[in-house]
Amino acid sequence: MQTRIIDGTGLARRVREEWRERAQALAGRGCRPGLAVVIVGDDPASRAYVRNKIRACAELGLHSEQVELPAEASEAELLARIAALNADPAIHGILVQLPLPKHIAAERVILAIAPEKDVDGFHPLNVGLLATGHPRFAPCTPAGVMLMLEREGIDPWAKHAVIVGASNIVGKPMALLLLSRGATVTLCNSKTRDLAAHTRAADILVAAVGRPKLVTGDMVKPGAVVIDVGINRLADGKLVGDVDTAAVMGVASHVTPVPGGVGPMTVTMLVVNTVLAAERACEAGRPKEPAT
Ligand code: GUN
């Protein structure tokens with residue numbers, strides 16, 4: 001079987017082009033979308049992710065602010081910065097880069113973000129809306145995967161989707177989004193017995209565990225779509241995903257590469273969610289047309 005490598009970089013570029021116009025239209029009405037990215041500490045990987053996010057904002061003409069706090073900043077300091085961003089009319093989206101230092105409770109921080117500015121979709125209110133089928137902000141990585149499937153003409157309806165990794169950021173929301181599109185979903189976690197038996201049953205296989213090359217060729221059903229969400233840096237500095245890409249070539253119908261697959265889509269969906277947040281905020285603030 002010929003395996004198609006899905007070009008996430010090219011797709012992300014096209015999607016950003018489409019959303020640039022919506023962002024410009026808003027800016028023209030005096031409502032330039034604005035994103036604040038908060039980073040605590042100086043983890044090099046987190047810094048690189050944040051740089052990409054700020055760069056994507058600039059590409060689409062969004063306003064962006066990077067709020068940097070030292071690793072020893074207190075939870076109270078971080079909560080105070082979030083409160084200020086919640087009240088700032090130039091900011092429509094707030095993202096606090098995870099993971100946070102151990103002395104800060106991520107749940108309390110996420111809870112402090114105004115739900116209408118929670119472009120990550122991590123606030124329990126937004127998680128609940130997604131779970132009940134009324135998403136306000138879908139978390140960026142799984143939303144990017146869904147858009148990728150759609151643009152590749154892959155319909156999850158009545159397919160068996162197997163997700164490896166049940167994190168709040170990727171696995172769980174991925175399961176909810178696929179379920180909402182009619183897939184039968186299996187969500188595997190670190191305790192799952194005979195993982196390969198599950199992955200071999202997948203029409204759509206999503207790997208999101210952070211274990212280099214966990215998914216090998218014999219774990220994939222011939223013709224399956226394989227989505228690799230993992231980004232792992234090996235000792236030699238090389239970036240690899242959770243899938244042994246070379247090993248699934250010729251078995252899968254589609255596979256996403258690392259780098260250049262899901263990663264660029266994640267950043268794109270953050271910009272999309274920020275433009276959506278700005279559209280809603282500016283729409284809500286506009287005087288209603290008088291009834292005729
Ligand atoms: N760390 C890794 N992925 C993400 C993400 O999607 N959002 C945030 N805020 N932090 C992350």
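Conventions and cut-offs
Residues numbered from 1 in each chain as written. Predicted model: local features only at pLDDT ≥ 70, side-chain atom pairs only at ≥ 80, totals over all residues. Heavy atoms only, no water. Pairing = 2+ DSSP bridges. Helix = DSSP H or I, 4+ residues; strand = E, 2+ residues; numbered from the N terminus. Axes fitted to C-alpha atoms, helices over the stretch in contact; angles between N-to-C directions. Contact = heavy atoms within 4.5 Å. 1 Å grid on protein atoms, 1.4 Å probe; cavity = no way out; pocket = protein on both sides within 12 Å on 5 of 7 lines; lining within 4 Å. Points joined across faces, edges and corners; volume = space filled by probe spheres on them. Nonpolar A, V, L, I, M, F, W, Y, C, P; charged D, E, K, R; others polar.

**A few points about the sheet that holds strand 2 (residues 34–40)**
Item 1. Here three strands make up an open sheet; going across it, the order is 3-2-4 and the pairing parallel. The sheet is open, and its two borders are formed by strand 3 (63–69) and strand 4 (93–96), each paired with just one other strand. In this sheet, neighbouring strand axes are inclined to one another by 15° on average, regardless of whether the strands run parallel or antiparallel.
Item 2. In this structure, strand 2 lies alongside strand 4, joined through four bridges in parallel fashion. From the neighbouring strand, Ala 36 faces strand 4, where its bridge partner is Ile 94.
Item 3. Across the face of the sheet, helix 2 (residues 44–59) comes into contact with strand 2, strand 3 and strand 4 while running at roughly 160° to strand 3.
Item 4. This element, helix 3 (residues 75–86), spans strand 2, strand 3 and strand 4 of the sheet and lies at about 165° to strand 3.

**Details of the layout of surface pockets**
Item 1. Estimates place the volume of the largest pocket at around 1400 Å³.
Item 2. As for the largest pocket, its lining consists of 47 residues, of which Tyr 49, Val 229, Ile 231, Gly 263 and Thr 266 are closest to the centre.
Item 3. Secondary-structure elements contributing two or more residues to the lining of the largest pocket are helix 2, strand 4, helix 6 (140–151), strand 9 (232–233) and helix 10 (262–285).
Item 4. When residues in the lining of the largest pocket are grouped by element, the largest group, nine residues, is from helix 2.
Item 5. Partitioning the lining of the largest pocket into residue classes produces 26 nonpolar, twelve polar and nine charged.
Item 6. By volume, the second largest pocket is sized at about 540 Å³.
Item 7. As for the second largest pocket, its lining consists of 26 residues, and the residues nearest its centre are Ala 143, Met 146, Glu 150, Arg 181 and Met 269.
Item 8. Elements with a contribution of two residues or more to the lining of the second largest pocket: helix 1 (8–28), helix 6, helix 7 (171–180) and helix 10.
Item 9. The leading source of residues in the lining of the second largest pocket is helix 6, at six residues.
Item 10. Among the residues forming the lining of the second largest pocket, the class breakdown is 15 nonpolar, three polar and eight charged.

The quantities given are spatial measurements derived from coordinates; they are silent on function.
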